[in-house]
Amino acid sequence: MSTITIPQNMLPADGRFGSGPTKIRREQILDLTNAADTLLGTSHRQRPVKQLVESIREGLAEFFSLPAGYEVVLGNGGASAFWDVVCCSLVSRKAACGVYGSFTKKMAASLSSAPFLEEPAIYEGDFGTWRLPELTDGVDAYCWAQNETSTGVAAPVKRIAGSVNQGALTIIDATSGAGALPVDLSQTDAYYFSPQKAFGSEGGLWVAILSPEAIERAEAVKENAAVPGSIRWIPPFLSLTSAISNSRKNQTLNTPAISTLVLMESQIRYLNGNGGLDWAVKRCERSANTVYSWAEASRYASPYVVDEEARSHAVVTVDLIDAVPAAAVLEALRDNGIVDVNGYRALGRNQLRIGVFPSVDPSDVEALTHCIDYVIEHL
Ligand SMILES: *Cc1c(COP(=O)(O)O)cnc(C)c1O
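To keep things clear, this report deals only with the structure shown in the data block. On a predicted model such as this, the values are computed, not experimentally measured, just so you know. (Residues numbered from 1 in each chain as written. Predicted model: local features only at pLDDT ≥ 70, side-chain atom pairs only at ≥ 80, totals over all residues. Heavy atoms only, no water.)

### Describing unusual backbone geometry
In this chain, Gly20 is followed by Pro21 through a cis amide linkage whose omega measures 0°. Along the chain, Pro21 falls in the segment before α1 (26-34). The backbone phi angle of Asn250 is positive, close to 60°, even though this residue is not glycine. Along the chain, Asn250 falls in the loop between α6 (240-248) and α7 (258-274). (Helix = DSSP H or I, 4+ residues; strand = E, 2+ residues; numbered from the N terminus.)

Dropping the structure here:
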């Protein structure tokens with residue numbers, strides 16, 4: 001039992017700083033309540049839920065300034081499921097991956113385990129840095145993550161020079177970057193994410209913004225898989241062409257969590273109403289810089305990511321000196337209602353990891369840094 005009580009007037013108004021799931025705003029819950037009698041518990045094949053999905057797709061098109069011909073596609077299963085969609089439905093023969101943290105590693109592992117694909121070319125960077133895949137012969141898809149949630153590293157989203165001439169796609173795991181970090185979608189063919197990070201919703205859904213080339217690829221992969229003798233298996237659940245045709249009708253292949261859709265639609269309206277992606281990016285940047293500046297000035301904390309350019313503005317990682325055990329800090333914070341600022345477990349560092357997504361108020365982030373100081377001084 002911790003004996004540290006942070007003075008009430010120092011506490012953030014909201015103590016949720018998780019990196020996913022993230023804070024869900026009270027206004028979203030009101031929207032959920034308003035949907036209680038009209039949408040929840042009703043069929044996703046009927047007009048009201050289809051209108052909800054349509055609003056999500058149109059809202060995201062506005063938010064991301066969708067380039068001509070790009071489409072917003074969605075399906076069940078979250079970003080983890082989309083890794084397998086990439087394997088089954090987007091990569092023709094061989095992928096190249098940038099690997100620099102737990103999530104990029106998992107994407108590469110999925111590609112490596114698909115028996116009908118060649119072994120992916122892996123370009124590995126140290127944790128705490130990023131590394132993009134390099135132009136590689138025979139590769140038809142380049143994959144990396146915009147934001148490595150496990151380490152708090154943000155990587156550039158820019159096509160690999162020569163990849164377009166090669167006919168290769170650029171496939172970006174934007175799960176914790178989308179909605180918090182800037183992006184030019186014309187540099188991507190598949191920009192995919194789950195709604196429980198910047199879109200402050202629940203998990204279980206994936207959204208992918210697809211270029212015309214990605215849509216064409218999915219169709220070609222499906223045709224080739226149908227040729228007798230093809231060893232590729234496209235399980236219906238992982239069929240991107242099926243997700244595309246369902247999404248065009250504002251549906252999903254199978255039953256979605258309607259509450260997730262309601263929360264997400266509410267968040268997209270909130271983001272667009274406040275100024276869209278530019279607003280969200282600036283707000284996250286401000287919050288992130290509050291933490292990085294605090295850590296740099298602190299005697300017992302320092303930013304984990306050395307390269308300032310690589311420091312994420314969505315997930316901020318801060319190392320603590322050995323004399324200050326993160327576990328004790330985390331416990332004291334949790335006792336005071338400040339939750340989920342633990343480092344990524346597999347990284348195994350004496351670290352705090354702070355999600356500063358658009359729903360988090362920058363003034364709460366400021367308060368958090370004071371609370372951490374208070375706890376450490378009273379440990
Ligand atoms: C959270 C996360 C995932 C996994 O998302 P799920 O919705 O749990 O499948 C994948 N990639 C990144 C970068 C993430 O942050």
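### A closer look at the packing of aromatic side chains
One pass over the structure, following the stated rule, counts 11 aromatic pairs. Relative to Tyr192, the ring of Phe82 lies with its centre 4.7 Å away and its plane at 35°, an arrangement referred to as tilted. A residue pair is termed long-range when its members are at least 10 positions apart, and Phe82 in helix α3 (residues 78-90) and Tyr192 in strand β8 (residues 190-193) qualify at 110 residues. In terms of burial, Phe82 and Tyr192 fall into one category: buried. With a centroid separation of 5.1 Å and 20° between ring planes, the pair formed by Phe193 and Phe199 is classed as stacked. Across the pair, exposure class does not vary: Phe193 and Phe199 are buried alike. A connected cluster of aromatic rings, assembled from ring pairs, spans Phe63, Phe64, Tyr191, Phe193 and Phe199. The ring centre of Tyr270 lies 3.5 Å from the NZ or CZ of Arg25, which sits over that ring. Sitting over the ring of Tyr292, Arg311 keeps its end group 5.4 Å from the ring centre. (Phe/Tyr/Trp six-rings, centres within 6.5 Å; stacked < 30°, edge-to-face > 60°. Buried < 20%, exposed > 50% of the residue type's maximum accessible area, 1.4 Å probe, protein only. Lys NZ or Arg CZ within 6 Å of the ring centre and 35° of its normal.)

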